[in-house]
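Inside the fold
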Amino acid sequence: MHRIADIAAEAVNATVLHLRRIVGALCTALGRTRREVSDLAWDYQNLAASVRFSARRGRASTADEGPAMQSEHVADVISIDMRRRKAN
């Protein structure tokens, strides 16, 4: 009887240990996911602001240049700094 109680206690302890690890891993994953979604939203906000700025600048320059220069457009390159946050 004593042996069965020891085995049952060991099974409970092992189960609790693994459940704690699983919950810890899930919490870590959720925190990382939240940070990544936040960073993605931040990057898209910056990208949208750059596009709006480019569009305004493009409209202002084409209005000033006249019809002869309106057909010559230079593509704007938008760089996103991917090193802003180190991966864990």
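Scroll up to find the structure.
Here's what I pulled together on the structure shown here.

**A word on the overall build of the chain**
Per the secondary structure count, the chain includes one helix and zero strands. In the chain, which comprises 88 residues, the share counted as buried stands at 5%. Only carbon and sulfur atoms are counted for the fraction: they give 61% of the accessible area of the chain, which is about 8000 Å².

**A closer look at a nonpolar patch on the surface**
Taken together, Leu 19, Ile 22 and Leu 26 make up a surface patch of nonpolar side chains, about 290 Å² in accessible area. Tracing the backbone shows Leu 19 in helix H1 (residues 2–65).

**So, the pattern of salt bridges**
Enumeration according to the criterion identifies one salt bridge in this entry. Salt-bridge contacts for Arg 32 lead to Glu 36; the nearest nitrogen and oxygen are separated by 3.5 Å. With Arg 32 and Glu 36 both in helix H1 and four residues apart, the pair spans about one turn of that helix. For Glu 36, a relative accessible area of 40% corresponds to the partly exposed category.

The rules we used
- Residues numbered from 1 in each chain as written.
- Predicted model: local features only at pLDDT ≥ 70, side-chain atom pairs only at ≥ 80, totals over all residues.
- Heavy atoms only, no water.
- Helix = DSSP H or I, 4+ residues; strand = E, 2+ residues; numbered from the N terminus.
- Buried < 20%, exposed > 50% of the residue type's maximum accessible area, 1.4 Å probe, protein only.
- Areas by Shrake-Rupley, 256 points an atom, 1.4 Å probe, with all protein chains shown as cover.
- Patch = residues over 30% accessible without salt bridge, like charges linked within 9 Å, V, L, I, M, F, W, Y side chains within 5 Å.
- Salt bridge = Lys/Arg side-chain N within 4 Å of Asp/Glu carboxyl O.

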